[in-house]
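For reference, the chains in residue letters:
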Amino acid sequence: PSEDPVEAENETILEQLYEPRSKVASLQVLFAMMQYTKRKFIDPADFITKLGLNPSVQQDAQEFSKLFISLLEDSLAHQSSAPVRTMIQKQFRGEYAYVTTCQACLRESVRPSHFYELDLALAGGNKTIADCLKDFLKVERMTGDEKYFCEGCQCKQEASRCCRLRELPNTLNLQLNRFQYDMNLGRKKKLNSNIQFPETLDMSEYLGPGQEAIYCLTGVLMHVGPDANHGHYIAHIQELDSGLWFKFSDETVVPLASKQLRLGGEEELLLAKKGKVKAP
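Chains are numbered independently. Their residues run from 1 in the order of the written sequence. Thresholds applied to this predicted model are a pLDDT of at least 70 for local features of residues and 80 or more for the giving and counting of side-chain atom pairs; totals over whole chains, interfaces and linings are not thresholded and use all residues. Neither water nor hydrogens contribute to the side-chain values; these are computed over all heavy atoms in the structure.

A. Layout of unusual backbone geometry. Phi at Leu106 is positive, roughly 65 degrees, even though this residue is not glycine. Helix numbering and strand numbering both begin at the N terminus, where a helix is a DSSP run of H or I of at least 4 residues and a strand a DSSP run of E of at least 2. Tracing the backbone through its elements, the reader meets Leu106 in the loop between strand 1 (94-102) and strand 2 (108-115). At Gln154, a position not held by glycine, the phi torsion is positive, near 60 degrees. Take Gln154: it is sitting in the loop between strand 5 (148-150) and strand 6 (155-157).

Right, dumping it as C-alpha cells:
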C-alpha cells in the first residue's frame, strides 16, 4: 500500500476499520472478503463507486473487460516488486502478429501486437470454438483495389494477410462477439446462435512447432436476455482448489453440475493453462 499513490496517504490503513481509497485496494478488500468470510455474498458497491459505474445502466461486458485489465495494469505500475508490477501481463498477455505476404516475391511484412483477450466472431455459421479460431486465423487475399504495396517490389502486388499466434498467456480470455452493429436497424443486435466449447482446449496446433498450450475451462460469463439492450449477466466459475463449479447471479451463488455449463448465451470464456501455478 505504501507504493500506491492514493493508498499511501490513507490514514485508516493501520486502524481496525480500514477504508480503502484506491481502486486496486478496494478490489483487494473485495477479494479478501470473498475468500475469508462466511457471508453468502459480498456487496461490491464500494468498488463500483470507485470505478465510476452506474449499476442501473447495462454496460458491455467485453468493453469493461478491456478497460478493467488496463486499469489494473496502470494501478500496479507503481509497485517496486517485479512479480506484482507485471502480474497482469504475465497472467493475461499474449502476442500475435499480422502477417502480409507478397504473392510476387514472397516477402513477409510482420506487425506484432500484444493482446489480453481474443475477440472471436460468431457469424458465418461458426458452431464451435475451433470454428471461431479457424475464422480468426484465416488467410485473406488482397487483390484488385485491395492490392498491397510491397516494399521489396516497390509497387502494388497481390498479397495474402493473416493473423498468427506467437505466444499465449497463462490465462486465456476468449471473447465471443454476440453483439454486432446492424446497419439496417441502426443499433446493436444480439446473435443467439449456440456455440459449443470444450472443458479442455488444446491450442498447440495454432502455435509454432514445439509449443504446447493446453487449457482447462475455469470461467464462463453469459448474457441472458433477448437483445443487446436488455438482459442480465451471470457467471459460471470453477473453484480451483476443489474443482467444483458455481453459478454467480448477483447475490445468488449456487453449486453447478458440470453438464450445465453449456446452458445460456456465452460472451466470455476464461481458460487456465495446464500445469501453471495460479495467480497470487
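B. How the structure looks around helix 6 (residues 129-136). Only protein chains enter the accessibility calculation, which uses a 1.4 Å probe; a residue is then buried when its area is under 20% of its type maximum, exposed when over 50%, and partly exposed in between. Three or more residues of helix 6 are buried, namely Ile129, Cys132 and Leu133. On an axial view of helix 6, the arc spanned by its buried residues comes to 95 degrees, and they lie on one face. Regarding the arc, it is the one traced by the directions from the helix axis to the C-beta atoms.

C. Structural view of the environment of Gly231. Inspection of the secondary structure puts Gly231 in strand 13 (residues 230-238). Overall, Gly231 belongs to the partly exposed group, its relative accessible area being 39%. Counting along the chain gives 173 residues from Gly231 to Gln58, while the straight-line C-alpha distance between them is 8.2 Å. Contacts were defined at the residue level, with two residues in contact if any of their heavy atoms lie within 4.5 Å. What Gly231 contacts, discounting residues up to four positions off in sequence, is Gln58, His223, Val224 and Gly225.

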